[in-house]
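Here's the letter readout for the chains.
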2 protein chains.
Amino acid sequence: MASVSSAADRSLPLRERKKLRTRRALADAALRMFTEKGFDATTLEELVDEVEVSKSTFFRTFPAKEAAAIEAEVELWSANLTALRDHTLSGVILTEMKDILCGVVTGLDADWPDRYVATRRLVLTAPTLMAYAAHHRADIQQQTGDLLADKLNLPLGDLRPQVLAELTTTAWTIAARAWVRTGGQGGRQSLLESVEHAFQTIPASLELSAQTER
Amino acid sequence: MASVSSAADRSLPLRERKKLRTRRALADAALRMFTEKGFDATTLEELVDEVEVSKSTFFRTFPAKEAAAIEAEVELWSANLTALRDHTLSGVILTEMKDILCGVVTGLDADWPDRYVATRRLVLTAPTLMAYAAHHRADIQQQTGDLLADKLNLPLGDLRPQVLAELTTTAWTIAARAWVRTGGQGGRQSLLESVEHAFQTIPASLELSAQTER
DNA sequence: AACAATACTGATACTGAGTACCATTTGACA
DNA sequence: TGTCAAATGGTACTCAGTATCAGTATTGTT
């Protein structure tokens, strides 16, 4: 389980390193400024002035203003897709999905948990951001489902890989929501416990009944 | 199970009827024009000219250009929330959720299935629409989860209502996707069968394993 | 049936995100 | 060092979305 993305990766061509640096700088500034001033109140011009790049460069790096704000989210799911791709599945898939996801969380940069908490809190403040994050999640889900179907050699009509992909993101979303609500206290470890708990809650939810419950 | 929304509802004050009429006209024109010319290629001006209202009126009716395109989706979930609110839960909740949803589908306008198919197909063509639809889904999920927690008197930390809400929209999304892919053939009836199937697939997915499967 | 009070519409002017285009600079590589 | 490719910055543009206000239609009251 190698650490995938660190800030200054030698061995990468200089040009690529520069691009990565501005990408990182833009994402950091975006998270900070949007949190301080509000997403709508911060114009793109202010953002690019801060980082000292042009608007052109911004849109060559990110497809939208919103994208710069949810980099931490993107990092998580890109890494997860890669991990799933490189993993040989065996046993109960949903459990495997949970383990892969937990492995990814463990492998991310040291500053990732803080950035993720800040990101999720920010997302709650602006509907536009909410929409963008939801879209990203749907996108990831689709890709995960397709990848699963491929890895398991399942026919096109089989709904199970899509369902599994959705269950995975569902479990994550719910676990993360609870963890973020605590301010990310307990760090990575408590997040992992929250994820375990959420995955366990799925079968428990299926059986939930009224009457007997009150 | 009363039919909720028909085009010209008497007994409503004139002012409200007019608003509903323009809303309907805008949504219809939007669906048609976006499908014909493409979402991005159709400007808001063209749309409001067609319906002969001002841009001002458009934005008092819909919060965004995208919203006019997904009215069929909004109608479905608004009706579902209302139905859930008015329903007394008993027995296995997930089954109840399925039944309520199926009841809502049965109760919608005669032209709803066609409009829904057109909507979903349109959504696939424009990322902006995709994002907006995903956002709407997330919004509905949240409200459904909160409503469930309230109706079942569950404490704030309990993840199960949120999971159930997500499972419900998940099942719907997957069922609808399959149904739309067939062009909505078989109409409402085959959609309902697809929904049944998707709900059954959820427990089946939990147990899916590798090895034994290939 | 006339009259406030109130809600809705339309027009205008504005902000800011995102795109298209081109001239300039910078890194890659022989 | 020189040449090619690729990234950058600047300018001008389109269009969604907001704010404001004057005019018009609807409601409910007397």
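Residues numbered from 1 in each chain as written. Chains lettered and ligands numbered in written order. Predicted model: local features only at pLDDT ≥ 70, side-chain atom pairs only at ≥ 80, totals over all residues. Heavy atoms only, no water.

Caption draft 1: Up close: the protein's contact with DNA strand C. Near DNA strand C you find 19 residues, and of these Lys18(A), Lys55(A), Lys65(A), Thr57(B) and Arg60(B) are the closest. Backbone atoms, meaning sugar and phosphate, make up 56% of the atoms of DNA strand C lying within 4 Å of the protein. Within the backbone of Leu44(A), a nitrogen or oxygen atom sits 3.2 Å from a phosphate oxygen of DNA strand C. In this structure, Lys55(A) approaches DNA strand C through a side-chain N or O atom, which is 2.8 Å from a base oxygen. At the level of elements, α1 (14–37), α3 (55–61) and α4 (65–69) of chain A together with α1 (14–37) and α3 (55–61) of chain B are the ones that each hand at least two residues to the surface near DNA strand C. (Near = heavy atom within 4 Å. Polar contact = N/O pair within 3.5 Å; in protein donor to acceptor, adjacent residues only side chain to side chain. Helix = DSSP H or I, 4+ residues; strand = E, 2+ residues; numbered from the N terminus.)

Caption draft 2: Geometry of the nonpolar core. Ranked by size, the top nonpolar core spans 88 residues in total, and within it Leu76(A), Trp172(A) and Trp172(B) carry the most contacts. Once residues lying within four places of it in the same chain are set aside, the contact partners of Trp172(A) are Glu73(A), Leu76(A), Trp77(A), Leu101(A), Val105(A), Trp112(A), Tyr116(A), Leu191(A) and Val195(A). (Core = buried A, V, L, I, M, F, W, Y, C linked by side-chain atoms within 4.5 Å. Buried < 20%, exposed > 50% of the residue type's maximum accessible area, 1.4 Å probe, protein only. Contact = heavy atoms within 4.5 Å.)

Caption draft 3: Geometry of the protein's contact with DNA strand D. Surrounding DNA strand D, one finds 19 residues, the nearest of these being Ser56(A), Thr57(A), Leu14(B), Lys18(B) and Lys65(B). Backbone sugar and phosphate groups make up 56% of those atoms of DNA strand D lying within 4 Å of the protein. Interatomic distance of 2.9 Å between a side-chain N/O atom of Ser56(A) and a base oxygen of DNA strand D. Within the contact set of DNA strand D, a phosphate oxygen lies 3.2 Å away from a backbone nitrogen or oxygen of Leu44(B). If you list the elements that add at least two residues to the surface near DNA strand D, you get α1 and α3 of chain A together with α1, α3 and α4 (65–69) of chain B. Taken together, the residues that form the surface near DNA strand D break down as six nonpolar, five polar and eight charged. (Nonpolar A, V, L, I, M, F, W, Y, C, P; charged D, E, K, R; others polar.)

Caption draft 4: A look at the pattern of salt bridges. Applying the stated rule across the entire model yields 23 salt bridges over all chains. Among the salt bridges present, the one from Arg24(A) reaches Asp109(A), with a minimum N-O distance of 3.2 Å. Of the two residues, Arg24(A) sits in helix α1 while Asp109(A) sits in the loop between α6 (93–107) and α7 (112–125), which places them 85 residues apart along the sequence. When sorted by exposure, Arg24(A) lands in the same class as Asp109(A), which is buried. Between Asp99(B) and Lys98(B) there is a salt bridge, and its shortest N-O distance comes to 3.8 Å. The partly exposed category is assigned to Asp99(B), whose relative accessible area is 39%. For Lys98(B), a relative accessible area of 13% corresponds to the buried category. (Salt bridge = Lys/Arg side-chain N within 4 Å of Asp/Glu carboxyl O.)

Caption draft 5: The domain arrangement of chain A, seen in detail. Residues and elements named next belong to chain A. Taken as a whole, chain A is organised into domain 1 (14–65) and domain 2 (70–204). The centre of domain 1, based on its C-alpha atoms, is set 25 Å off from the matching centre of domain 2. Each partner contributes to the interface: domain 1 provides 12 residues, whereas domain 2 provides 12 residues. In this assembly, domain 1 packs against domain 2 so that about 900 Å² is buried in total across both faces, 63% of it on carbon and sulfur atoms. Of all residues in domain 1, the largest losses of buried area upon contact with domain 2 belong to Arg-24, Leu-31 and Phe-39, amounting jointly to 55% of the total for that side. At the junction of domain 1 and domain 2, the tally comes to two salt bridges. The residue inventory of the side of domain 1 that touches domain 2, partitioned by class, reads seven nonpolar, one polar and four charged. (Domains from an automatic or database assignment. Buried area = accessible area lost by both parts, 1.4 Å probe.)

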